[in-house]
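# What the coordinates show
Chain by chain, the residues run as shown.
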Amino acid sequence: MTTTTTTTAPAATLGRRPLGNYVMLLIPLAYCGILAASLAVQFSGELPCELCLMQRWCMLLVSVGPVYAVQRIRRGRLTPHDVSRGLGVTAVASMLGGLISLHQLTLTNLPGHHGFGPVILGLHTYTWALVCFTLTVLYAAVHLMWPAQLAPQNTRAAGAPERLVVGLYVCTTLLVCGLAVLQGGFHLDFHTFRYELPHDLGLL
């Protein structure tokens, strides 16, 4: 006599996204939105300084881990090691970005100094960057304390939102890096008030 056993797939694979999957989508989506706002300020005529550019690059690095996890989810190959590696990159990049933001904040925290750049809800953009980096590090810590509840999982629900977030991240990365090269030119001199690359090429 033979017996057949049936295995029941986890609830996460039956169509709904676990909480961790939403977080993996939210982190790059939020940082891409922040970068889009910073690019809007740049297109209005205010070029970023070296510290601002470094904070932008840190935001891109923060999103590398979640985007990697999302890609693995799309292929149904996400493992706990993928989540750990991605979360580690996110935490390190967030701490580095937070230190850069804090350094810029201390440079402007002088008597009679009103800071640089636009003010949003009473805070400068680099202050908001510090807040975002800090919140991301806190999430990484919370994730480590409750990994079972917050871990993303492979799910059949992966589809359009995952493709949208990955595509948005790729486009944002290309735009941020491309504009940085345009501003810095061949010498990568970012302490400038103009786009150096056209001048280096002799176009202007």
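As a reminder, the structure under discussion sits directly above these lines.
Residues numbered from 1 in each chain as written. Predicted model: local features only at pLDDT ≥ 70, side-chain atom pairs only at ≥ 80, totals over all residues. Heavy atoms only, no water.

## Section: the overall build of the chain
Scanning the chain from terminus to terminus reveals seven helices and two strands. Counted from the first residue to the last, the chain has its helices and strands arranged as α-α-α-β-β-α-α-α-α. Restricting to contacts in the chain with at least 6 residues of sequence separation, those with at least 24 account for 74%. Of the accessible surface of the chain, which amounts to about 11800 Å², a share of 70% is contributed by carbon and sulfur atoms. (Helix = DSSP H or I, 4+ residues; strand = E, 2+ residues; numbered from the N terminus. Contact = heavy atoms within 4.5 Å. Areas by Shrake-Rupley, 256 points an atom, 1.4 Å probe, with all protein chains shown as cover.)

## Comments concerning helix α1 (residues 19-43)
Taking 1.5 Å per residue, 25 residues should reach 36 Å; α1 reaches 36 Å between its end C-alpha atoms and fits that length. Immediately downstream of α1, the backbone of Gly 45 shows phi near 120°, a positive value. (Expected span 1.5 Å × (residues − 1).)

## Some remarks on empty space enclosed by the protein
Tallied over the entire structure, the rule returns one cavity of 30 Å³ or more. Considered as a void within the structure, the largest cavity measures approximately 50 Å³ in volume. Met 24, Gly 65, Pro 66, Ala 69, Asp 82, Val 83, Gly 86, Leu 87, Thr 90 and His 143 are the residues that line the largest cavity. The element that contributes the greatest number of residues to the lining of the largest cavity is helix α3 (residues 80-108), accounting for five residues. (1 Å grid on protein atoms, 1.4 Å probe; cavity = no way out; pocket = protein on both sides within 12 Å on 5 of 7 lines; lining within 4 Å. Points joined across faces, edges and corners; volume = space filled by probe spheres on them.)

## Things to note about the pattern of salt bridges
Scanning the entire structure with this criterion turns up three salt bridges. A salt bridge links Asp 82 to Arg 85; its shortest N-O distance comes to 2.7 Å. Of this pair, Asp 82 and Arg 85 both sit in helix α3, three residues apart, which is roughly one turn of the helix. Through salt bridges with shared partners, one network takes in Arg 72, Asp 82 and Arg 85. (Salt bridge = Lys/Arg side-chain N within 4 Å of Asp/Glu carboxyl O.)

## Focus: the layout of surface pockets
Its volume calculated, the largest pocket comes out at about 840 Å³. Lining of the largest pocket is provided by 34 residues; of these, Glu 46, Pro 48, Cys 49, Cys 52 and Thr 125 occupy positions nearest its centre. When residues of the lining of the largest pocket are assigned to their parent elements, the largest contribution, seven residues, is made by α1.

## With respect to the nonpolar core
Among the nonpolar cores identified, the biggest contains 33 residues, and Met 24, Ile 27, Tyr 31, Met 59, Val 62, Phe 133 and Tyr 139 are the most heavily contacted of them. Among the secondary structure elements, those contributing two or more residues to this core are α1, α2 (50-74), α3, α4 (125-145) and α6 (160-184). Ranked by the residues each element gives to this core, the list is headed by α2, at nine residues. Among all residues touching Met 24, those that are not within four sequence positions of it are Pro 66, Ala 69, Val 70, Tyr 139 and Pro 152. (Core = buried A, V, L, I, M, F, W, Y, C linked by side-chain atoms within 4.5 Å. Buried < 20%, exposed > 50% of the residue type's maximum accessible area, 1.4 Å probe, protein only.)

## Structural notes on the packing of α1 against α2
Closest axis-to-axis distance for the α1/α2 pair is 9 Å, and the angle between their directions is 145°. The two elements α1 and α2 meet at a crossing, and its hand is left-handed. In this structure, α1 uses Asn 21, Met 24, Leu 25, Ile 27, Pro 28, Tyr 31, Ile 34, Leu 35, Ser 38, Leu 39 and Gln 42 to contact α2, whose residues at the interface are Arg 56, Met 59, Leu 60, Val 62, Ser 63, Pro 66, Val 67, Ala 69, Val 70 and Ile 73. (Axes fitted to C-alpha atoms, helices over the stretch in contact; angles between N-to-C directions. Left-handed = near helix turned anticlockwise from the far one by under 90°.)

## Quick notes on the packing of α2 against α3
Two numbers describe how α2 lies on α3: the axes approach to 8 Å, and their chain directions differ by 165°. With respect to their mutual orientation, α2 and α3 come out roughly antiparallel. The handedness of the crossing between α2 and α3 comes out as left-handed. Tallied by class, the residues present in the contact of α2 with α3 amount to 14 nonpolar, nine polar and three charged. (Parallel < 35°, antiparallel > 145°, perpendicular 65-115°, else oblique. Nonpolar A, V, L, I, M, F, W, Y, C, P; charged D, E, K, R; others polar.)

## Details of a nonpolar patch on the surface
On the surface, Phe 186, Leu 201, Leu 203 and Leu 204 cluster together to form a nonpolar patch covering roughly 490 Å² of accessible area. Relative to the helices and strands, Leu 201 is located in the segment after α7 (196-200). (Patch = residues over 30% accessible without salt bridge, like charges linked within 9 Å, V, L, I, M, F, W, Y side chains within 5 Å.)

## Brief notes about the environment of Met 95
Tracing the backbone shows Met 95 in helix α3. Along the sequence, Met 95 and Leu 130 sit 35 residues apart, while their C-alpha atoms lie 9.3 Å from each other.

## A closer look at a positive patch on the surface
Residues Arg 74, Arg 75, Arg 77 and Arg 163 make up a contiguous surface patch of positive charge. Along the chain, Arg 163 falls in helix α6. (Lys, Arg positive; Asp, Glu negative; His and termini not counted. Charge placed at Lys NZ, Arg CZ, Asp CG, Glu CD.)

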